[in-house]
Amino acid sequence: MTSSSSPSQAAQRLAQNHPEGLRADALMEEDVAWSHEIDSLRDGDQLDRSDRAALRRVAGLSTELEDVTEVEYRQLRLERVVLVGVWTSGTLLDAENSLAELAALAETAGALVLDGVIQRRDKPDAATYIGSGKAQELQELVLETGADTVICDGELSPGQLIHLEDVVKVKVIDRTALILDIFAQHAKSREGKSQVALAQMQYMLPRLRGWGQSMSRQMGGGKGGGLATRGPGETKIETDRRRIREKMAKMRREIAEMKTGRQIKRQERRRHKVPSVAIAGYTNAGKSSLLNRLTGAGVLVENALFATLDPTVRRAETPSGRLYTLADTVGFVRHLPHDLVEAFRSTMEEVGEADLILHVVDGAHPMPDEQLAAVRSVIRDVGATGVPEIVVINKADAADPLTLQRLLRVEKRAIAVSARTGAGIEELRGHIDALLPRPSVEIEALVPYTHGKLVARAHSEGEVISEEHTPEGTLLKVRVHEELAADLAPYVPAGLH
């Protein structure tokens, strides 16, 4: 398609040497040649128009095993899936990374990924997501691989789900349903299970399928029925929707009650002036590993997406001896379903109510900047933009040194650590100590030994600068909040008033 002459000269020669009917082809050739340089910046290597619109195989996604015994075992319990994505913006590498993340999600849910394809479009097709022709090609791929499920890298409308299933003849689910399934598998606490159940019902409600007017009921009427009482009453699908709405209302009441309990615990911590730190970050970035390293919490650590869902709050201590709480929150992911954000809002409020956020990012991930942007988007949604943040670049032992240097240069407060080896953890403790809010009043008091509780409160609620045991009592120089300062005021030595 390239030549030494300019595109306009090539078009003129084609118009002169070929019949009138080929003039449109010549003009089309001119357009393609003209846009070659512009498109190459976005698309990489240029392809023919038919190839540009074709489904493209994404190499390296298959998780199929070769060992016969393992294959027989896994095929008994795993769904065999084909992934399909629509590439509407960004580069080809972005589209392939998104599909690779979908493959990791599918494997976490217990599926066997057989193949993955992407389709270049301006926007997803309103009927079948990838267009009717490509849907037929997808059906051929499903038959060829023996898949029983198709997973789409996006949220499909109810109509798109139905139409695509009609074409490919196997079950079709979208990214949202897949993430909800993973959450349902991993939720362990009562609150977590309720939140996931609510999100699933919100997702399911508009996607219920029925038989139209089948199983219609009588309208009711006067005593014993009679004329004008027969007709299309409540259908089966309407009954199902009503029951789901009733269950959703019940779930919301239960979650609200649990939210009240969480708020009471937070208020108790505030009353005792205990600072709080929240760990937030992309799924599988190492949040639970960091929590274990800082506190010895013993939380489940697994190389899987959304391995831990239930929030964990543990007590920790700074190098200077100040107590604070450390809360592990649910992991985030690109395009986190809105229903999940709403259902887990009470859990995510731990981030908004914190005094400091440890934003954990996977330094070994190929696209750490996208992880940072995705997490900050959810942090904005829960109204925690004003909370100070430390960017903790985890897995520094496995990360590319150039990537680490760039992130440390770009992010204002960033530190590279390895939760696995412990590298950088002590430095992180120092950063936490420096950024946690400090009590506002500095006071020196001689507390009698009969009032040991005040000394204990000074240690637990304030920051002890110096402590000396004298014959008259304990001489404390402390930085405390106003309420404790008022309690210590009667014991300030006369010369210091």
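The rules behind the values
Residues numbered from 1 in each chain as written. Predicted model: local features only at pLDDT ≥ 70, side-chain atom pairs only at ≥ 80, totals over all residues. Heavy atoms only, no water. UniProt positions renumbered as here; feature names shortened; annotations may be inferred. Core = buried A, V, L, I, M, F, W, Y, C linked by side-chain atoms within 4.5 Å. Buried < 20%, exposed > 50% of the residue type's maximum accessible area, 1.4 Å probe, protein only. Contact = heavy atoms within 4.5 Å. Phe/Tyr/Trp six-rings, centres within 6.5 Å; stacked < 30°, edge-to-face > 60°. Lys NZ or Arg CZ within 6 Å of the ring centre and 35° of its normal. Axes fitted to C-alpha atoms, helices over the stretch in contact; angles between N-to-C directions. Helix = DSSP H or I, 4+ residues; strand = E, 2+ residues; numbered from the N terminus. Parallel < 35°, antiparallel > 145°, perpendicular 65-115°, else oblique. Nonpolar A, V, L, I, M, F, W, Y, C, P; charged D, E, K, R; others polar. Pairing = 2+ DSSP bridges. Salt bridge = Lys/Arg side-chain N within 4 Å of Asp/Glu carboxyl O.

- As recorded in an unreviewed UniProt entry, the protein goes by the name GTPase HflX, listed as coming from Streptomyces sulfonofaciens.
- In UniProt, the protein has this text filed under Subunit (unreviewed entry): "Monomer. Associates with the 50S ribosomal subunit."
- Under the Function (unreviewed entry) heading, UniProt states for the protein: "GTPase that associates with the 50S ribosomal subunit and may have a role during protein synthesis or ribosome biogenesis."

### Details of the nonpolar core
- Core analysis: the largest hydrophobic core is formed by 89 residues, its most contacted members being Leu83, Leu138, Phe332, Leu358, Val392, Leu428 and Ile432.
- The contacts of Val392, once residues within four sequence positions are left out, are Leu290, Leu358, His359, Val360, Val361, Ile415, Val417 and Leu428.
- Listed in part, the 13 residues of the second largest apolar core include Val447, Val455, Ala458 and Val492.

### Some thoughts on the packing of aromatic side chains
- The full count for this structure, using the stated rule, is zero aromatic pairs.
- Above the face of the Trp87 ring, Arg120 is positioned so that its terminal group lies 4.4 Å from the ring centre.

### Some thoughts on the packing of helix H12 (residues 287–295) against helix H17 (residues 425–435)
- Viewed as axis vectors pointing N to C, H12 and H17 meet at an angle of 85 degrees, and their least axial separation amounts to 11 Å. By the angle between their directions, the pair H12 and H17 is classed as roughly perpendicular. Here Leu290, Arg293 and Leu294 of H12 lie close against H17, whose contacting residues are Ile425, Leu428, Arg429 and Ile432.
- By residue class, the composition of the contact of H12 with H17 is five nonpolar, no polar and two charged.

### Remarks on the environment of Ala414
- Structurally, the position occupied by Ala414 is in strand E11 (residues 414–416).
- In the structure, Ala414 is positioned 24 residues away from Ile390 in sequence and 5.8 Å away in space, judged by C-alpha atoms.
- Setting aside residues up to four positions removed in sequence, Ala414 forms contacts with Val391, Ile393, Leu407 and Leu408.

### Thoughts on the sheet that holds strand E3 (residues 111–120)
- Judged by pairing direction, the sheet is mixed, and its five strands sit side by side in the order E1-E3-E2-E4-E5 without closing on themselves. In this open sheet, the two edge strands, each paired with only one partner strand, are strand E1 (56–57) and strand E5 (171–174).
- Where strand E2 (residues 79–87) lies against E3, nine bridges are found, and the strand directions are parallel. Bridge pairing in E3 links Arg80 to Leu112.
- Sitting on the sheet, helix H7 (residues 132–145) is in contact with E1, E2, E3 and strand E4 (149–152), with an inclination near 155 degrees to E3.

### Topic: the pattern of salt bridges
- Under the defined criterion, the tally for this structure stands at 16 salt bridges.
- For Asp487, the salt bridge identified is with Arg457, shortest N-O distance 2.9 Å. Of this pair, Asp487 sits in helix H19 (residues 482–488) while Arg457 sits in helix H18 (residues 452–461), and the two are 30 residues apart along the sequence.
- On the basis of relative accessibility, which here comes to 32%, the residue Asp487 falls in the partly exposed class.
- Since its relative accessible area comes to 24%, Arg457 is described here as partly exposed.
- Connected through shared salt-bridge partners, Glu101, Asp153 and Arg175 make up one network.

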